[in-house]
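Remarks on the overall topology
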Amino acid sequence: MIAAQDLLIFAAACLLMVLTPGPNMIYLISRSICQGRKAGVTSLLGVVAGFFVHMFAAAAGLTAVFLAVPMAYELLKWAGALYLLWMAWQALKPGARSPFEAQELAPDSSPKLVLMGFMTSVLNPKVAVFYLSVFPQFISPEHGSMFSQSVLLGLTQISVSFTVNLLIALFASGIAFWFVRNPLWLAVQRYVMGFVLAGLAVKLMLEQRKTL
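As a starting point, this report considers the structure included with it. Given the structure is predicted, the values throughout are model-derived calculations rather than measurements.

Attention now goes to the overall build of the protein. Per the secondary structure count, the protein includes 8 helices and 0 strands. For the protein, the N- to C-terminal ordering of α and β elements is α-α-α-α-α-α-α-α. Each of the 212 residues in the protein was classed as buried or not, and the buried ones make up 44%. For the protein, restricting intrachain contacts to residue pairs at least 6 apart in sequence, the fraction spanning at least 24 positions comes to 87%. Carbon together with sulfur atoms contributes 74% to the accessible area of the protein, which is approximately 10,500 Å² in total.

To continue, consider the packing of aromatic side chains. Across all of its chains, the model carries 1 aromatic pair by this definition. When the centroid spacing of 5.2 Å and the interplanar angle of 70° are considered together, the rings of Phe 10 and Phe 138 count as edge-to-face. Here Phe 10, found in helix H1 (residues 4–19), pairs with Phe 138, found in the loop between helix H6 (125–133) and helix H7 (146–181); they are 128 residues apart in sequence, far enough to count as distant. Phe 138 matches Phe 10 in its accessibility class, with the two residues each being buried.

Here the focus is the pattern of salt bridges. Taken as a whole and judged by the stated rule, the model has 2 salt bridges. The partner of Asp 108 in a salt bridge is Lys 112, and the shortest N-O contact between them spans 3.5 Å. Look at Lys 112 and you get partly exposed, because its relative accessible area is 41%. Through salt bridges with shared partners, a single network forms among Arg 31, Asp 108 and Lys 112.

Secondary-structure assignment places Phe 162 in helix H7. For Phe 162, a relative accessible area of 34% puts it in the partly exposed group. When neighbours within four sequence positions are excluded, Phe 162 is seen to be in contact with Leu 44 and Val 48.

Definitions and limits used
- Residues numbered from 1 in each chain as written.
- Predicted model: local features only at pLDDT ≥ 70, side-chain atom pairs only at ≥ 80, totals over all residues.
- Heavy atoms only, no water.
- Helix = DSSP H or I, 4+ residues; strand = E, 2+ residues; numbered from the N terminus.
- Buried < 20%, exposed > 50% of the residue type's maximum accessible area, 1.4 Å probe, protein only.
- Contact = heavy atoms within 4.5 Å.
- Areas by Shrake-Rupley, 256 points an atom, 1.4 Å probe, with all protein chains shown as cover.
- Phe/Tyr/Trp six-rings, centres within 6.5 Å; stacked < 30°, edge-to-face > 60°.
- Salt bridge = Lys/Arg side-chain N within 4 Å of Asp/Glu carboxyl O.

Next comes the structure, spelled out in structure tokens:
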């Protein structure tokens with residue numbers, strides 16, 4: 001089983017991922033501000049369902065790839081490092097857009113909100129690349145079934161993302177208003193997040209290859 005320390009590090013990476021602006025966050029914030037908290041929470045159910053699709057696809061796929069192509073780990077390690085650097089650049093680049101700049105969305109029914117949340121999550125490249133490139137860094141054949149390890153990591157990611165996104169959906173209007181009045185803190189958050197992500201990328205690139 002995955003060591004508790006590694007699981008905590010992975011949870012921290014999940015937290016950074018969910019706090020980095022992306023399609024899911026922008027959609028949930030926009031929906032909550034335009035249609036209310038209930039609509040935001042309803043949309044979140046669809047987003048979480050999409051996470052399960054990513055989790056099981058990655059768990060099955062990574063297990064097969066690792067067994068068939070040992071060099072796949074090395075390739076995914078570098079892909080993960082490049083992805084983290086890209087996320088860092090998205091946070092640090094000049095003119096980076098705040099996710100709290102809500103988009104105008106027309107009211108929709110609850111079933112459509114769930115469906116739209118699901119599609120936004122399933123088609124979200126940020127989540128897909130995270131599962132395919134960051135997951136392998138925390139999986140080792142020495143710790144048992146790679147499928148079980150992948151599921152454990154997936155449930156950790158879903159738990160962290162659900163908790164953060166639930167808070168965002170419930171308090172989107174207040175958070176957005178606070179950042180509008182305190183733009184300095186938004187800039188500080190962006191720079192801290194960007195440098196932490198860059199540090200994780202460097203650590204990943206320097207990490208020794210695991211023996212499969």
